[in-house]
Amino acid sequence: MPLYIIVAVTTVLMAFLINPIPLKNSGNTITRKQMLNISALIFIFTTLFLVSALRLNVGNDYVKYMQFMHLVNHNSYVPTEIGFNLLVKIIYGLSGAENFLLVFAFYSFATILLFLRTIYRNSENFVFSFFLFMAFGLYFQSFSTVRYYFALAIALFTIPYVLKKKWLPFLLMILLASTFHKSALVVIPLYIFASLEWKRWMLILAGLACTTLFFLQDFYLRLLVLVYPTYRETEYLEGGTSIINIIRCGAVLVFSLIYYRQAIKDNIRNKFYFYLNLFAFVLYTCASFIPVISRIGYFLTVTHIFFLPAIVKHIEDKKQRYFFTGAIIAAGILYFIMYMIKARYDGVRLLPYQTFLFNEISLERFFA
């Protein structure tokens with residue numbers, strides 16, 4: 001745990017040095033501030049990448065992924081998508097062995113790079129958004145379900161295309177993400193709906209449609225099994241939701257409604273985030289029967305790292321702005337503490353941290 005705390009604190013402190021500006025000025029030279037930005041970003045990326053890439057058997061699905069890779073390499077059936085399978089074959093083929101460490105390193109590199117690039121490009125307050133990225137455990141959760149978090153990072157990266165109505169690059173990138181984790185396909189309708197200019201009658205119709213979640217559960221589950229046939233007759237069909245996620249989405253919803261006129265009403269980007277949070281709240285409260293609802297919800301709530309700083313920035317009263325900045329930071333720290341307390345439990349398994357640098361690798365140990 002001390003390692004994770006040091007990593008989180010060090011990278012957040014380094015983020016204070018970053019003030020996102022265009023890489024180059026009017027000439028071909030790079031200013032001192034731009035060089036400082038680049039250096040700080042490289043430090044943050046390198047720190048996060050090394051901690052993730054050098055891990056061994058850290059993350060809830062680490063061994064399961066090793067087994068999947070082994071089966072892919074022997075042309076056996078696996079429930080993973082074609083993008084994951086093809087990547088494994090390419091890396092194993094180039095390395096001439098079952099180099100699962102290199103596969104994990106690739107996912108660490110690509111996922112962290114996409115997240116940092118998106119935060120740098122999209123956030124109105126880089127350090128605030130990066131703090132929330134670390135405090136909400138998004139970085140640490142990428143140690144598990146590596147396919148999903150890679151797809152999540154791609155989905156987050158596509159948001160500017162959605163806001164600019166550039167549907168072709170958006171669809172192509174989501175289709176790419178779905179080749180690594182098919183759950184990414186849910187963002188196509190959800191992100192498009194969130195980008196609409198919602199009228200009152202549209203909200204009423206959407207509310208009526210949501211009521212079907214209570215009496216057509218079997219129908220929705222059958223549709224889900226068509227998309228995820230591997231869920232049939234498994235524990236994944238049991239459903240379930242998270243009280244913490246409901247509280248978090250509810251708190252963000254109340255906060256955004258308080259400052260709706262100041263921060264959201266005339267801001268296309270913030271309105272998009274507002275509807276994503278609203279959709280997530282509805283899903284967590286009304287669709288708990290949907291298997292692993294969190295996998296859908298995270299595609300929506302991941303934007304909290306942008307939405308909360310954006311609302312705070314538009315609060316006109318300085319005292320209120322400072323108060324809510326402190327409140328959100330305190331909530332983030334509390335969330336991080338709670339997450340670290342669960343770090344040893346099944347479902348997280350971040351502790352104890354191990355690295356292959358100081359441990360002998362024995363495949364028999366993992367496949368026994």
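Residues numbered from 1 in each chain as written. Predicted model: local features only at pLDDT ≥ 70, side-chain atom pairs only at ≥ 80, totals over all residues. Heavy atoms only, no water.

**A short note on the overall build of the chain**
And step 1. Per the secondary structure count, the chain includes 21 helices and 0 strands.
And step 2. Sequence separation of at least 24 residues holds for 74% of the intrachain contacts in the chain that already meet a minimum separation of 6.
And step 3. Put simply, the chain shows about 18,200 Å² of open surface, and 67% of that area lies on carbon and sulfur atoms. (Helix = DSSP H or I, 4+ residues; strand = E, 2+ residues; numbered from the N terminus. Contact = heavy atoms within 4.5 Å. Areas by Shrake-Rupley, 256 points an atom, 1.4 Å probe, with all protein chains shown as cover.)

**A look at a nonpolar patch on the surface**
And step 1. Taken together, the side chains of Met1, Ile5, Val9, Leu13 and Phe16 make up a nonpolar region of the molecular surface, amounting to roughly 480 Å² of accessible area.
And step 2. Within the secondary structure, isoleucine 5 is located in helix H1 (residues 2–15). (Patch = residues over 30% accessible without salt bridge, like charges linked within 9 Å, V, L, I, M, F, W, Y side chains within 5 Å. Salt bridge = Lys/Arg side-chain N within 4 Å of Asp/Glu carboxyl O.)

**A few points about helix H18 (residues 293–301)**
And step 1. Across the 9 residues that make up H18, a large majority, 7, are buried.
And step 2. Among all positions in H18, only Ile293, Ile296, Gly297, Tyr298, Phe299, Leu300 and Thr301 are buried. (Buried < 20%, exposed > 50% of the residue type's maximum accessible area, 1.4 Å probe, protein only.)

**What to know about the environment of phenylalanine 272**
And step 1. Relative to the assigned elements, phenylalanine 272 resides in helix H17 (residues 268–286).
And step 2. With a relative accessible area of 1%, phenylalanine 272 lands in the buried category.
And step 3. Spatially, the C-alpha atom of phenylalanine 272 lies 9.4 Å from that of isoleucine 192, the residues being 80 residues apart in sequence.
And step 4. Here phenylalanine 272 is in contact with Ile159, Val162, Leu163, Tyr191, Ala194 and Ser195, once residues within four sequence places are set aside.

**Describing the side chain of serine 52**
And step 1. By the secondary structure assignment, serine 52 is in helix H2 (residues 32–53).
And step 2. Reaching out from serine 52, the side chain makes a polar contact with the side chain of serine 108 at a distance of 2.6 Å.
And step 3. Every residue in contact with serine 52, bar those within four places of it in the chain, is listed here: Ser108, Ile112, Tyr139 and Phe143. (Polar contact = N/O pair within 3.5 Å; in protein donor to acceptor, adjacent residues only side chain to side chain.)

**Let's talk about the packing of helix H6 (residues 126–135) against helix H19 (residues 304–313)**
And step 1. Look at H6 against H19: their axes get within 8 Å of each other, and the N-to-C directions meet at 140 degrees. By the angle class used here, H6 and H19 are oblique. When the axes of H6 and H19 are compared, the crossing they make is right-handed. Of H19, the residues touching H6 (which contributes Phe128, Ser129, Leu132 and Phe133) are His304, Ile305, Phe306, Leu308, Pro309 and Val312.
And step 2. Class assignment of the residues belonging to the contact of H6 with H19 gives a composition of 8 nonpolar, 2 polar and no charged. (Axes fitted to C-alpha atoms, helices over the stretch in contact; angles between N-to-C directions. Parallel < 35°, antiparallel > 145°, perpendicular 65-115°, else oblique. Left-handed = near helix turned anticlockwise from the far one by under 90°. Nonpolar A, V, L, I, M, F, W, Y, C, P; charged D, E, K, R; others polar.)

**Re unusual backbone geometry**
And step 1. Note the cis peptide between leucine 351 and proline 352, where omega equals -5 degrees.
And step 2. You can see proline 352 is positioned in the loop between helix H20 (318–341) and helix H21 (363–367).
And step 3. Located in the positive-phi region is asparagine 57, a residue other than glycine, with phi close to 55 degrees.
And step 4. By the secondary structure assignment, asparagine 57 is in the loop between H2 and helix H3 (62–73).
And step 5. According to the relative accessible area criterion, asparagine 57 is buried, its value standing at 13%.
And step 6. Even without being glycine, threonine 145 reaches a positive phi, approximately 40 degrees.
And step 7. Tracing the chain through its elements places threonine 145 in the loop between helix H7 (138–141) and helix H8 (146–157).
And step 8. Judged by relative accessible area, threonine 145 falls into the buried class, the value being 15%.

**A few points about H8**
And step 1. Between its terminal C-alpha atoms H8 stretches 17 Å, which fits the 16 Å expected from 12 residues at 1.5 Å a residue.
And step 2. Here H8 lies mainly inside the structure; 12 of its 12 residues are buried.
And step 3. Among all positions of H8, only Val146, Arg147, Tyr148, Tyr149, Phe150, Ala151, Leu152, Ala153, Ile154, Ala155, Leu156 and Phe157 are buried. (Expected span 1.5 Å × (residues − 1).)

**Thoughts on the packing of aromatic side chains**
And step 1. All chains considered together, the criterion is met by 40 aromatic pairs.
And step 2. An angle of 85 degrees between the planes, with centres 5.6 Å apart, marks the rings of tyrosine 259 and phenylalanine 324 as edge-to-face. Of the two residues, tyrosine 259 is situated in the loop between helix H15 (243–258) and helix H16 (260–264) and phenylalanine 324 in helix H20; the sequence distance between them amounts to 65 residues.
And step 3. The rings of Tyr65, Phe68, Phe84, Phe106, Tyr107, Phe150 and Phe180 are connected pair by pair, giving a single aromatic cluster.
And step 4. Across the ring face of phenylalanine 143, the terminal group of arginine 55 is positioned such that the distance to the ring centre comes to 5.0 Å. (Phe/Tyr/Trp six-rings, centres within 6.5 Å; stacked < 30°, edge-to-face > 60°. Lys NZ or Arg CZ within 6 Å of the ring centre and 35° of its normal.)

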